[in-house]
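Understanding the architecture of this molecule
Listed below, chain by chain, are the residues.
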Amino acid sequence: MAKLFDPTSFGDIQLANRIVMAPLTRNRSPRAVPNDLNVTYYEQRAAAGLIITEGTPVTQQGQGYADVPGLYLPQAIDGWKKVTDAVHRKGGKIVTQIWHVGRVSHTSLQPNGGAPVAPSAIPAGSKTYVINPDGSGAFVDTSDPRALELSEIPGIVEDFRKGARAAIDAGFDGVEIHGANGYLIDQFLKSGANQRTDEYGGSIENRARFVLEVVDAVTKEIGAGRVGIRLSPVTPGNGITETNPQPLFNYVAEQLGSRGLAFIHVIEGATGGDRNFSQGDKPFDYQEMKAAYRKAGGTGGWLVNNGYDRESAKAAVESGYADAVAFGKLFIANPDLVQRFKDNAPLNEADKSTFYGGGAKGYTDYPALEAVA
Ligand code: 8OZ
């Protein structure tokens, strides 16, 4: 029986334990370049079995929030190198989450102030985060998107490929493709955001074409054993809706099963909220999705996320429900979460007011437990 503290492998990546740091947007990298404060933050959390960095746009067009670090500027690669070196020196493993926000953006963040792009010209009706001229941060409504031309889609697939190459150049152990939470890939997958009438819209096969093209381009570039993907079958985040998620995600899982990926990262329920939230006319069955993946030959780690604690994570791994568990807020507040779980020690509380933007406060100043003499 596997245990939460046991090592495992996700494809070519060896994890010292099954406690994974979930990707967390923190808006502390001005000009899209990782800095020394970011180095400290990730280094403090290197005892995680795997760190998945915050979402990292592969192009400026893929940016939806101020001060998130990217992968498209040479300075950003240099900045990320310092992060990956620091985590590796501490014996940790780190992948970066490659990201395109699609319609969840604002014209002020887009190249030449243009409209954000999406499968269809349907607004997200969501909020994004920008920096005011006086330097303060603010949540503002997302801008109306324009529908991508068919001829533009290969270019975005190529942007993901280049992002994956840049990630390896920056010293990452691999990448997680951000296919969740209502961003571009999820927009293609789900019928509420995708009303295209070409080969990228309509049937499940057509709506899944974009994500599979991205997966194929990225795995060809860096090797499937270094590639994971994050999916959120039912989250309503960023205005995303799907009336029939089960067959859609069973199909996606089955297609991924033959592609040799390192891990599949599934957000259960509403991201950061109700684990039992669902869309469609019956509760989503995650084990059915996992079975479709395994039946198709998928051997990657099955990584689950959303509202787990020490006990439920132990139970998930020990029962074989999952291979590993990703924690978000608990890792924000507890840099030494692995040690605290081992000791069954009390946990620090996360301060929501410092999640997005700002400096060291609420970022690198959460205390670790005193070392036991
Ligand atoms: C919170 C704030 C901004 C972005 C996600 C990348 O939901 C995000 C995100 C989360 O995946």
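In what follows, the structure referred to is the one given above.
Not measured: the values here are computed from a predicted model. Along each chain, numbering runs from 1 in the same order as the chain's sequence is written. Restriction of local features to residues with pLDDT of at least 70 applies here, the model being predicted, together with a cutoff of 80 or more for giving and counting side-chain atom pairs; totals for whole chains, interfaces and linings are based on all residues. To obtain the side-chain values, all non-hydrogen atoms of the structure were used and water was disregarded.

With that out of the way, let us pick up the site of the ligand. For this purpose, a residue is taken to be near a molecule or strand whenever a single non-hydrogen atom of the residue falls within 4 Å of it. Taken together, Thr25, Tyr65, Trp99, His178, Asn181, Tyr183 and Tyr356 are the residues near the ligand. Between the ligand and the protein, one listed contact pairs an oxygen atom with a side-chain N or O atom of His178 at 2.8 Å. Any pair of nitrogen or oxygen atoms within 3.5 Å is treated as a polar contact; in protein, a donor-acceptor pairing is required on top of that, and neighbouring residues in sequence qualify only through side-chain atoms on both sides. Taking Asn181, its side chain carries an N or O atom lying 2.8 Å from an oxygen atom of the ligand. For cavity detection a 1 Å grid was placed over the protein atoms alone, and a set of points counts as a cavity when a 1.4 Å probe fits there but cannot get out; an open set counts as a pocket when protein lies on both sides within 12 Å along at least five of seven lines, with lining residues being those that have an atom within 4 Å of a point. Each molecule is assigned to a cavity or pocket provided more than half of its atoms lie within 2 Å of the corresponding grid points. With respect to the pocket detection grid, the ligand is positioned in the largest pocket.

Only runs of H or I of at least four residues qualify as helices and only runs of E of at least two qualify as strands under DSSP, and these elements are numbered from the N terminus. Summarising the element assignment, Ser120 is placed in the loop between strand 6 (117–118) and strand 7 (127–131). Note on classification: 1.4 Å probe, protein chains only; a residue is buried when its accessible area is under 20% of the maximum for its type, exposed when over 50%, partly exposed between these limits. According to the relative accessible area criterion, Ser120 is buried, its value standing at 9%. Throughout, a residue-residue contact means that at least one pair of heavy atoms, one from each residue, lies within 4.5 Å. Ignoring anything within four residues of it in the chain, the contact list for Ser120 reads Pro145, Ala147, Ala193, Asn194, Gln195 and Arg196.

In this section: the sheet that holds strand 14 (residues 324–327). Backbone-to-backbone hydrogen bonds pair the strands of a sheet. The strands run either parallel or antiparallel. A strand pair is defined by DSSP finding two or more bridges across the two strands. Here 8 strands make up a closed barrel; going around it, the order is 3-4-5-10-11-12-13-14 and the pairing parallel. This sheet shows a mean twist of 25° between the axes of neighbouring strands, independent of strand direction. Pairing of strand 5 (residues 94–99) with strand 10 (residues 174–178) involves 4 bridges; the strand directions are parallel. Residue pairing for strand 10: Val95 is matched across the bridge by Gly174. Against the sheet, helix 8 (residues 286–295) engages strand 11 (227–231), strand 12 (263–267) and strand 13 (301–305), with an angle of about 160° to strand 13. All axes here are fitted lines through C-alpha atoms, helices being fitted over the stretch that makes contact, and every angle between N-to-C directions spans 0 to 180 degrees.

With respect to the secondary-structure elements, Ala193 resides in the loop between helix 4 (184–189) and helix 5 (204–207). Once the C-alpha coordinates of Ala193 and Pro123 are considered, the two residues, 70 residues apart in sequence, prove to be 8.3 Å apart. Ignoring any residue separated from it by four or fewer positions in sequence, one finds Ala193 in contact with Arg103, Pro119, Ser120, Ile122, Gln187 and Ile240.

This brings us to the nonpolar core. Side chains of a nonpolar character, in soluble globular proteins, are inclined to be buried together. By nonpolar core we mean a set of buried residues, namely Ala, Val, Leu, Ile, Met, Phe, Trp, Tyr and Cys, connected to one another through side-chain atoms within 4.5 Å. Among the nonpolar cores identified, the biggest contains 82 residues, and Phe210, Val218 and Leu256 are the most heavily contacted of them. At 8 residues, helix 6 (residues 209–222) tops the list of elements feeding residues into this core. Dropping the residues within four chain positions of it, Leu256 is found in contact with Leu212, Val215, Ile229, Leu231, Leu261, Ile264 and Tyr293. In this structure, Val20, Leu50, Ile52 and Ala262 belong to the second largest nonpolar core, which totals 13 residues.

For an α-helix, the turn length of 3.6 residues means that residues three or four places apart are oriented alike. When the terminal C-alpha atoms of helix 2 (residues 74–89) are compared, their 23 Å separation across 16 residues agrees well with the 22 Å that a helix rising 1.5 Å per residue should span. The complete set of buried residues in helix 2 reads Ala76, Ile77, Gly79, Trp80, Val83, Thr84, Ala86 and Val87. Summarising the contacts, the buried residues of helix 2 are in contact with helix 1 (36–44), strand 4 (50–57), strand 5 and helix 3 (153–169). Just downstream of helix 2, Gly91 is the residue with a positive phi angle, here 85°. Here the expected span of a helix is defined as 1.5 Å times the quantity of residues minus one.

Let's shift gears to the layout of surface pockets. Roughly 1000 Å³ of volume is contained in the largest pocket. Taken together, 37 residues make up the lining of the largest pocket; nearest its centre are Leu24, Asn181, Thr271, Gly272 and Tyr356. Counting only elements with at least two residues in the lining of the largest pocket, the list comes to strand 5, strand 7, strand 14 and helix 10 (329–333). The dominant element in the lining of the largest pocket, judged by the number of residues it contributes, is helix 10, at 3 residues. Grid points are joined across faces, edges and corners, and a volume is the space filled by probe spheres set on the points.

Here the focus is the pattern of salt bridges. For this document, the term salt bridge refers to a Lys or Arg side-chain nitrogen within 4 Å of an Asp or Glu carboxyl oxygen. Scanning all chains against the criterion turns up 15 salt bridges. Lys81 is the partner of Asp78 in a salt bridge, and the nearest nitrogen-oxygen pair spans 3.8 Å. Of this pair, Asp78 and Lys81 both sit in helix 2, separated by 3 residues, roughly a single helical turn. Judged by relative accessible area, which is 44%, Asp78 ranks as partly exposed. We note a salt bridge from Glu221 to Arg165, for which the minimum N-O separation is 2.8 Å. Separated by 56 residues along the polypeptide, Glu221 in helix 6 and Arg165 in helix 3 bring together distant segments of the chain. For Glu221, a relative accessible area of 22% translates into the label partly exposed.

This paragraph deals with the packing of aromatic side chains. For any pair of aromatic rings, the description rests on two quantities: the centre-to-centre distance and the angle between the ring planes. By convention, a stacked pair of Phe, Tyr or Trp rings (six-membered ring in the case of Trp) has centres within 6.5 Å and planes under 30 degrees apart, an edge-to-face pair has planes over 60 apart, and any other such pair is tilted. Overall, the coordinates contain 18 aromatic pairs when judged by the stated rule. With centroids separated by 5.2 Å and ring planes inclined at 65°, the aromatic side chains of Trp80 and Phe172 adopt a geometry described as edge-to-face. One end of the pair, Trp80, is in helix 2; the other, Phe172, is in the loop between helix 3 and strand 10, with 92 residues separating them in the sequence. Considered together, Trp80 and Phe172 belong to a single accessibility category, that of buried residues. Consider the rings of Phe139 and Tyr356, whose centres lie 6.1 Å apart with planes at 80°: the pair is edge-to-face. Placement of Phe139 in strand 8 (residues 137–141) and of Tyr356 in the segment after helix 11 (337–343) is noted, with a sequence separation of 217 residues between them. Members of the aromatic cluster, joined through ring pairs, are Tyr41, Tyr42, Trp80, Phe172 and Tyr363. Criterion for a charge above a ring: Lys NZ or Arg CZ within 6 Å of the ring centre, and within 35 degrees of the ring normal. Positioned above the aromatic ring of Tyr308, the side-chain terminus of Arg275 is 4.5 Å from the ring centre.

Bear in mind that shape data such as this cannot, by itself, settle questions of function.
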